[in-house]
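# Breakdown of the fold
The primary structure of each chain is shown beneath.
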Amino acid sequence: MTNLLLDLPPLSAARFASIEDRVARLLGTGQDVVITQGEALLPLEGAIRATAGPGTTALNVITGPYGQTFGDWLRDCGATVVDLTVPFHTAVTAEQVREAFAEHPEIDFVSLVHAEAATGNTNPVAAIGEVVREHGALFYLDAVASVGAEPVLPDAWGVDLCVIGAQKAMGGPAGVSAVSVSERAWARMAANPNAPRRSYLSLLDWKERWIDGGRTTLLHAPAQLEMLALEACVERIETEGLESVMARHASAAAATRAGASALGGGIAPYVHDAADAAPVATTLRAPSGTNASELVARALAADPDLPLAAGGGALAREMIRVNHYGPDATRGTVRACLTALATALKDAGLSVDLPAALTAAEQAWRQSGPTPRTP
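Anyway, here's the lowdown on the structure attached to this text. (Residues numbered from 1 in each chain as written. Predicted model: local features only at pLDDT ≥ 70, side-chain atom pairs only at ≥ 80, totals over all residues. Heavy atoms only, no water.)

## Some points on the pattern of salt bridges
The final tally for this structure, using the stated rule, is 17 salt bridges. We note a salt bridge from R98 to E134, for which the minimum N-O separation is 2.7 Å. In this pair, R98 is assigned in helix α4 (residues 94-103) and E134 in helix α5 (residues 125-135), connecting sequence segments 36 residues apart. Look at R98 and you get partly exposed, because its relative accessible area is 31%. (Salt bridge = Lys/Arg side-chain N within 4 Å of Asp/Glu carboxyl O. Helix = DSSP H or I, 4+ residues; strand = E, 2+ residues; numbered from the N terminus. Buried < 20%, exposed > 50% of the residue type's maximum accessible area, 1.4 Å probe, protein only.)

## Let's talk about the sheet that holds strand β7 (residues 138-142)
Whether parallel or antiparallel, the strands of a sheet pair through hydrogen bonds between backbone atoms. Pairing within the open sheet is mixed, and its seven strands lie in the order β1-β9-β8-β7-β4-β2-β3. Strands at the two margins of the open sheet, each flanked by one partner only, are β1 (32-36) and β3 (80-85). Neighbouring strand axes in the sheet, compared pairwise and without regard to direction, differ in orientation by 15° on average. Pairing of strand β2 (residues 57-62) with β3, which is carried by six bridges, proceeds in the parallel orientation. By the bridge assignment for β3, L59 is matched with V82. Its contacts with the sheet place helix α8 (residues 203-211) against β1 and β9 (177-181), and it is angled at close to 110° to β1. (Pairing = 2+ DSSP bridges. Axes fitted to C-alpha atoms, helices over the stretch in contact; angles between N-to-C directions. Contact = heavy atoms within 4.5 Å.)

## Details of the environment of P151
Topologically, P151 is positioned in the loop between β7 and α6 (154-157). P151 sits 92 residues away from E243 along the chain, and the two C-alpha atoms are 8.8 Å apart.

## Some details on the sheet that holds strand β11 (residues 282-285)
On the basis of which strands lie adjacent, the open sheet formed by four strands has the order β10-β11-β13-β12 and antiparallel pairing. At either end of the open sheet lies a strand with only one pairing partner, and these are β10 (268-269) and β12 (308-310). As defined by bridge partners, β12 adjoins strand β13 (residues 319-322) across three bridges and the pair is classed as antiparallel. Each residue of the ladder has a partner; that of A309, found in β13, is R321. Each of β10, β11 and β13 touches helix α10 (residues 242-263); the most contacted strand, β11, lies at about 15° to it.

This is how it looks when you write it as structure tokens:
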């Protein structure tokens with residue numbers, strides 16, 4: 001049996017390095033970029049375990065579930081953790097971070113999620129980065145959901161460890177991820193006796209055996225299909241243009257938010273302020289007296305492929321997510337999701353105005369920015 005996905009020639013070190021270079025250009029960074037052979041949780045955990053330990057005092061910003069996970073990892077490393085938790089319907093501010101430093105001047109590590117796809121908010125990384133730099137702390141950023149949907153600029157923002165994944169706004173594979181690493185972060189790892197070594201979590205292994213060796217010999221056989229998919233994904237973004245890709249996501253978010261607000265039936269944006277809303281996904285609060293999971297199930301009955309989901313965990317009853325990212329950041333997807341939600345709300349006995357919702361969505365799309373190439 002022959003198949004396009006089988007019997008491929010081995011991926012060379014040179015091809016692997018060229019893909020890393022293209023990812024670095026996507027981030028506009030001169031830092032080292034390591035493509036890790038697993039989903040983004042691999043470098044997210046590896047970067048924390050490499051740079052945090054018993055002598056670390058970490059400010060861990062929690063604006064959604066991933067911030068909670070990072071706090072658990074930091075504590076497991078022996079770090080002292082100061083949690084800065086804000087309501088999930090909003091974003092953290094640079095002033096809140098500044099106040100945390102004033103109260104705990106010993107903070108030397110800051111962990112932050114850029115965009116929380118799970119809660120639909122996005123945080124002002126540039127402003128926060130200025131505060132972190134003023135205090136000399138190491139800055140760790142989860143940009144898995146935001147990359148491709150909004151600017152991600154590790155160098156300009158002073159981010160020392162910036163982790164990305166391709167499976168959301170980039171529209172690529174979930175099986176590989178990447179992290180950009182500053183010289184300060186490499187130095188912190190080298191000085192950390194507890195940094196993973198000879199481990200799949202080890203970033204230092206990649207530096208010493210891959211980067212310092214001139215990127216001529218890979219540590220192990222790469223995930224070939226995922227690497228080729230990542231290369232194709234980056235090439236597609238380069239062809240469309242990153243600005244166009246981001247404009248498409250911003251338009252989808254604005255259209256979804258406007259359409260849902262005009263739909264009626266008691267549904268409303270979960271993130272209160274549009275400035276705090278992530279372009280990668282829009283979260284909606286289910287009407288009072290309804291169950292978000294049940295509404296989503298009704299909405300998906302006619303088209304199970306729509307990018308609709310209920311919130312996770314405790315949010316499953318109250319939150320609906322419209323995941324308009326990657327190939328789903330289109331007018332057609334927004335219209336289809338609004339139509340399906342209208343049907344679900346009507347089935348639940350609620351009054352909706354779908355024509356008004358579709359009109360509002362179209363107006364918001366046109367007003368949100370330049371018209372992207374993809375319709």
